[in-house]
Amino acid sequence: LVPLTQNLSGVIDAAVAGGIANYIEAFFDGTYLESMPMEEPRISKFKETLEAQLEILNKGLQTFHAKLALNPNLRPLFNHLQTSYSKMVVQLAKGILKRDITVKIKKANY
């Protein structure tokens, strides 16, 4: 369970390193593609990859939730990661994908 929670924390709770906000600022505010229009295919692929990452993280959270019975003391960490994940989804939808992506992300029954 420790490797799972460490990996989820490292990706979901990456606010220490700036997280998603760094990607938005560097690549998705419009100025990057203005100066580098030939990079549009890579930026499109990057967007797709970020969306796929959300799906993987959602599955990881579902697995973590299923394992909480083994260690109920981890519930506060789970709740924190779930809240941070939800914020990440909103931030990506508004700042990068410019659309609601929650339709494609299965809502977990936590």
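Scroll up to find the structure this text is about.
All figures in this text were calculated on a predicted structure; none of them were measured in a lab.

Peer 1: Sorry, what's going on with the packing of helix H1 (residues 2–12) against helix H4 (residues 40–67) here?
Peer 2: At a minimum axis separation of 10 Å, H1 and H4 run at an interaxial angle of 140 degrees. Between H1 and H4, the angle falls in the class oblique. In this structure, H1 crosses over H4, and the sense of that crossing is left-handed. Judged by residue contacts, Leu4, Thr5, Leu8, Val11 and Ile12 of H1 engage Gln53, Leu57, Gly60, Leu61, Thr63 and Phe64 from H4.

Peer 1: What is the right way to read the packing of aromatic side chains from this model?
Peer 2: Any aromatic ring pair is given by two values, namely how distant the centres are and how the planes are angled relative to each other. By the definition in use, this model includes six aromatic pairs. With 5.9 Å between their ring centres and 85 degrees between their planes, Phe27 and Phe46 make a pair best called edge-to-face. With Phe27 in helix H2 (residues 19–27) and Phe46 in helix H4, this residue pair connects regions lying 19 residues apart in the sequence. According to the relative accessible area criterion, Phe27 is partly exposed, its value standing at 28%. Residues Phe64 and Phe78 carry aromatic rings whose centres are separated by 5.5 Å and whose planes lie at 80 degrees to one another, so their mutual orientation is edge-to-face. Of this pair, Phe64 sits in helix H4 while Phe78 sits in helix H5 (residues 75–95), and the two are 14 residues apart along the sequence.

Criteria and thresholds
Residues numbered from 1 in each chain as written. Predicted model: local features only at pLDDT ≥ 70, side-chain atom pairs only at ≥ 80, totals over all residues. Heavy atoms only, no water. Axes fitted to C-alpha atoms, helices over the stretch in contact; angles between N-to-C directions. Helix = DSSP H or I, 4+ residues; strand = E, 2+ residues; numbered from the N terminus. Parallel < 35°, antiparallel > 145°, perpendicular 65-115°, else oblique. Left-handed = near helix turned anticlockwise from the far one by under 90°. Contact = heavy atoms within 4.5 Å. Phe/Tyr/Trp six-rings, centres within 6.5 Å; stacked < 30°, edge-to-face > 60°. Buried < 20%, exposed > 50% of the residue type's maximum accessible area, 1.4 Å probe, protein only.

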